[in-house]
Amino acid sequence: MTPRVPRLSSLWAIMKKPQAAVGRRCRKQASSLAGREKHALSSNQAPDGPCTARAGTIPEFPAGLAKGQEKVVLQAPVSPYHLFRDTAEITVFRESLLSWYDQEKRDLPWRRQAEGEVDLDRRAYAVWVSEVMLQQTQVATVINYYTRWMQKWPTLQDLASASLEEVNQLWAGLGYYSRGRRLQEGARKVVEELGGHVPHTAETLQRLLPGVGRYTAGAIASIAFGQATGVVDGNVVRVLCRVRAIGADPSSTLVSQQLWSLAQQLVDPARPGDFNQAAMELGATVCTPQRPLCSQCPVQSLCRARQKVEREQLLASQSLLGRLDVEECAPNIGQCQLCAPPTEPWDQTLGVANFPRKVSRRPPREECSAICVLEQPRALGGAQVLLVQRPNSGLLAGLWEFPSVTVEPSGQCQRKALLQELQSWAGPLPATRLQHLGQVTEHGGVRDDGFCGHIRRPISALWPSPQVVHTFSHIKLTYQVYGLALERQTPVTTQSGARWLTREEFHTAAVSTAMKKVFRMYEGQQPGTCKRSKRSQVPISASRKKPSPGQ
């Protein structure tokens, strides 16, 4: 028989009971905190495999809902099929997951740092740094950055006393540069306003520290301070959506609140930090977006997605007669708000990867910029290139870049505009030596127009494989790349906010990956160079897609 669905308000009250007090306190803060920490992508949109961390983390939703939103949630029909309905099931889930984690967890530097640190503030700092770095970034990439960061600034006090230039320089290449700036702002607040002590609860962490959202607050509170609070990142979204067969849009208010409620219900009060890391580890290494390793999953016996796959396979083979003894979602009123909509039928080829539902994203905004590598090849002490500093707010705030101007994609007047920009920084320049080298598309790759400056020779002869990929989270930026090499040996006068660097200094400066790509194009097309250098032939992969995740 189809199970009768109890009143939703009663079910919701039961599910929310462990965190009711927190929900009441945090509900007042919802509007100001909802956008404080953004993990841009959904769990199915990023390479969330064995080498990834928080990429794929969903937005950090407020602890409570606004009044109008709460009414919508409480009236929506939800079947108990998507819930954990007894403590025995929850106990089995906890024990199975933690036992697997104890045997299979990866040896990562931030885990060693936290486990071996007795000072709570230093332990919280170690976790905090790792969680911020792991947002949108693969574990393999983070390891070296984390190690160098902790060696340079082992305590909050060390980081608070550093300059933004130093922070940007160490962060260069990691992407999402505002993360480093906000991390330092948080460290300074702890040192200057909180007596050097990190808040101990998820609620106070989120309320008091800049750049700390619901997920990061929960991770720090549970791992560093042992608070029994659940967390939801992209890996946890995927695990919970599959274990409870939640096929609705995971970024919707209803589903996100359901996932946070499930996470809070499941977290082990005796080992909250380990449990949260175990759930993320499971999503990162076993319950992956594509080709999940279901046979190695410690909670496969509780996985409704796995049960549905088996049911669909049996139905397809018509090997059973009569009714299948497999539980399904069967709400007694209307369409279940946690199931996939009828417009998205089951895809037999995907299996459990039908969950979670893939969320559509807005296409990135397209922009075009003309940029120039201005070089003094005969400068005293070695060849030097001109860099200018970006504003202290906005995209890539405070980083250094080659002089550039925003232009129309058609390219009308871009040469004249770029030359004026260059002269505003370096004074009179020989216009006839300004050469167009090609274009670098920051999001889709590198293209060329077939000719190089006034020489009109095929760029393909200089750069056989013009394919470089780089991703901004919300902008597709095409750089029209120019080069201008000066013959004179005397230093060129520059304005405040600009400086000349040797090539060696450039590679260690606070510059974005995009600027390094532009420079590689310039280096590969200098006179006498028919191929890119060995350094520039190293493929560059775009690793930052969605917080990523599980540690």
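Residues numbered from 1 in each chain as written. Predicted model: local features only at pLDDT ≥ 70, side-chain atom pairs only at ≥ 80, totals over all residues. Heavy atoms only, no water.

Bringing the layout of surface pockets into the picture now. Taken as a whole, the second largest pocket encloses approximately 650 Å³ of empty space. Together, 30 residues line the second largest pocket, and Lys-308, Ala-340, Glu-344, Trp-346 and Phe-355 are the ones closest to its centre. Across the lining of the second largest pocket, the residue classes break down as 15 nonpolar, 7 polar and 8 charged. (1 Å grid on protein atoms, 1.4 Å probe; cavity = no way out; pocket = protein on both sides within 12 Å on 5 of 7 lines; lining within 4 Å. Points joined across faces, edges and corners; volume = space filled by probe spheres on them. Nonpolar A, V, L, I, M, F, W, Y, C, P; charged D, E, K, R; others polar.)

If you check helix α17 (residues 304–317), its first and last C-alpha atoms are 20 Å apart, about what 14 residues at 1.5 Å a residue would give, namely 20 Å. Listing the buried residues of α17 in full gives Arg-304, Ala-305, Val-309, Arg-311 and Glu-312. Down the axis of α17, the sector holding all buried residues measures 165 degrees, keeping them to one side. Those residues of α17 that are buried are in contact with α14 (234–243). (Helix = DSSP H or I, 4+ residues; strand = E, 2+ residues; numbered from the N terminus. Expected span 1.5 Å × (residues − 1). Buried < 20%, exposed > 50% of the residue type's maximum accessible area, 1.4 Å probe, protein only. Arc of directions from axis to C-beta. Contact = heavy atoms within 4.5 Å.)

On to empty space enclosed by the protein, then. Taken as a whole, the largest cavity encloses approximately 120 Å³ of empty space. Take the lining of the largest cavity: its biggest share by element is 3 residues, from α14. Taken together, the residues that form the lining of the largest cavity break down as 12 nonpolar, 1 polar and 2 charged. If you add up the space inside the second largest cavity, you get close to 70 Å³. Forming the walls of the second largest cavity are Phe-93, Val-231, Val-236, Val-239, Leu-240, Ala-263, Leu-266, Phe-275, Asn-276 and Ala-279.

Take the nonpolar core next. A general feature of soluble globular proteins is that nonpolar side chains tend to end up buried together. Phe-93, Trp-128, Met-133, Trp-149, Leu-282, Phe-402 and Met-515 are the most contacted members of the largest nonpolar core, which totals 115 residues. Excluding its chain neighbours within four sequence positions, the residues that come into contact with Met-133 are Val-142, Tyr-145, Tyr-146, Trp-149, Trp-171, Leu-174 and Arg-179. One finds Cys-368, Leu-374, Leu-429 and Leu-486 within the second-largest nonpolar core, a separate group that totals 20 residues. (Core = buried A, V, L, I, M, F, W, Y, C linked by side-chain atoms within 4.5 Å.)

Packing of α14 against helix α16 (residues 272–285) brings their axes to within 8 Å, and their N-to-C directions diverge by 85 degrees. Judged on the interaxial angle alone, α16 and α14 are roughly perpendicular. Between α14 and α16, the residues in contact are Asn-235, Val-236, Arg-238 and Val-239 and Ala-279, Met-280, Leu-282, Gly-283 and Ala-284, respectively. The residue inventory of the contact of α14 with α16, partitioned by class, reads 6 nonpolar, 2 polar and 1 charged. (Axes fitted to C-alpha atoms, helices over the stretch in contact; angles between N-to-C directions. Parallel < 35°, antiparallel > 145°, perpendicular 65-115°, else oblique.)

Here the focus is the pairing of strand β1 (residues 365–376). Burial of β1 is extensive: 9 of the 12 residues sit out of reach of the surface. Two elements, β1 and strand β7 (residues 475–485), share 11 bridges in a ladder whose sense is parallel. Bridge pairing in β7 links Ala-370 to Gln-480. In this sheet, strand β4 (residues 404–406) lies alongside β1 in antiparallel orientation, the contact comprising 3 bridges. By the bridge assignment, Ser-369 is partnered in β4 with Thr-406. (Pairing = 2+ DSSP bridges.)

This part is about unusual backbone geometry. At the junction of Phe-355 and Pro-356, the peptide bond is cis and its omega measures out at -10 degrees in the coordinates. Mapped onto the fold, Pro-356 is located in the loop between α17 and β1. Phi is positive for Gln-136, which is not a glycine, with a value near 65 degrees. Mapped onto the elements, Gln-136 comes out in the loop between α7 (120–134) and α8 (139–152).

Turning to the environment of Pro-272, a few remarks are in order. Here Pro-272 is to be found in helix α16. Distance from Pro-272 to Ala-219, taken between C-alpha atoms, is 9.3 Å for residues 53 residues apart in sequence. With residues near it in sequence (within four places) discarded, Pro-272 still touches Ser-222, Gly-226, Gln-227, Ala-228 and Val-267.

With that settled, consider the state of the cysteines. Under the definition given, this model contains 0 disulfides. Looking at the unpaired Cys-287, the closest cysteine sulfur is the one in Cys-297, lying at 6.3 Å. Judged by its relative accessible area of 11%, Cys-287 falls in the buried class. Here Cys-303 is not cross-linked by a disulfide; its sulfur's nearest cysteine counterpart is in Cys-297, at 6.4 Å. Assessed through its relative accessible area of 10%, Cys-303 is described here as buried. (Disulfide = S-S within 2.5 Å.)

When pLDDT is averaged along the chain, the result is 78, and 71% of the positions lie at 70 or above. A low-confidence stretch, residues 1–53 stays under pLDDT 50, and its non-local contacts, those more than four residues away or across chains, total 146 contacts. Confidence drops under a pLDDT of 50 for residues 55–75, and excluding neighbours within four residues, the segment shows 78 contacts in the predicted structure. (pLDDT = per-residue confidence, 0-100.)

Tallying each qualifying case throughout the model produces 10 aromatic pairs. Ring centres of Trp-149 and Trp-171 lie 5.6 Å apart, and the angle between their planes is 80 degrees; this geometry places the pair in the edge-to-face category. Of this pair, Trp-149 sits in helix α8 while Trp-171 is found in helix α10 (residues 164–171), placing the two residues 22 residues apart along the sequence. Of the two residues examined, Trp-149 and Trp-171, each falls in the buried class. Where Phe-506 meets Phe-519, the ring centres are 4.7 Å apart and the plane angle is 50 degrees; that geometry is what we call tilted. Of this pair, Phe-506 sits in helix α19 (residues 503–508) while Phe-519 sits in helix α20 (residues 513–524); the two residues are 13 residues apart in sequence, bridging distant segments of the chain. With relative accessibility at 0%, the residue Phe-506 sits in the buried group. Grouped by ring-pair contacts, the aromatic residues Phe-402, Phe-506, Phe-519 and Tyr-522 constitute a single cluster. Sitting over the face of the ring of Trp-260, Arg-214 holds its NZ or CZ atom 3.9 Å from the ring centroid. When the ring centre of Trp-346 is taken as origin, the NZ or CZ atom of Lys-308, which lies over that ring, is 5.0 Å away. (Phe/Tyr/Trp six-rings, centres within 6.5 Å; stacked < 30°, edge-to-face > 60°. Lys NZ or Arg CZ within 6 Å of the ring centre and 35° of its normal.)

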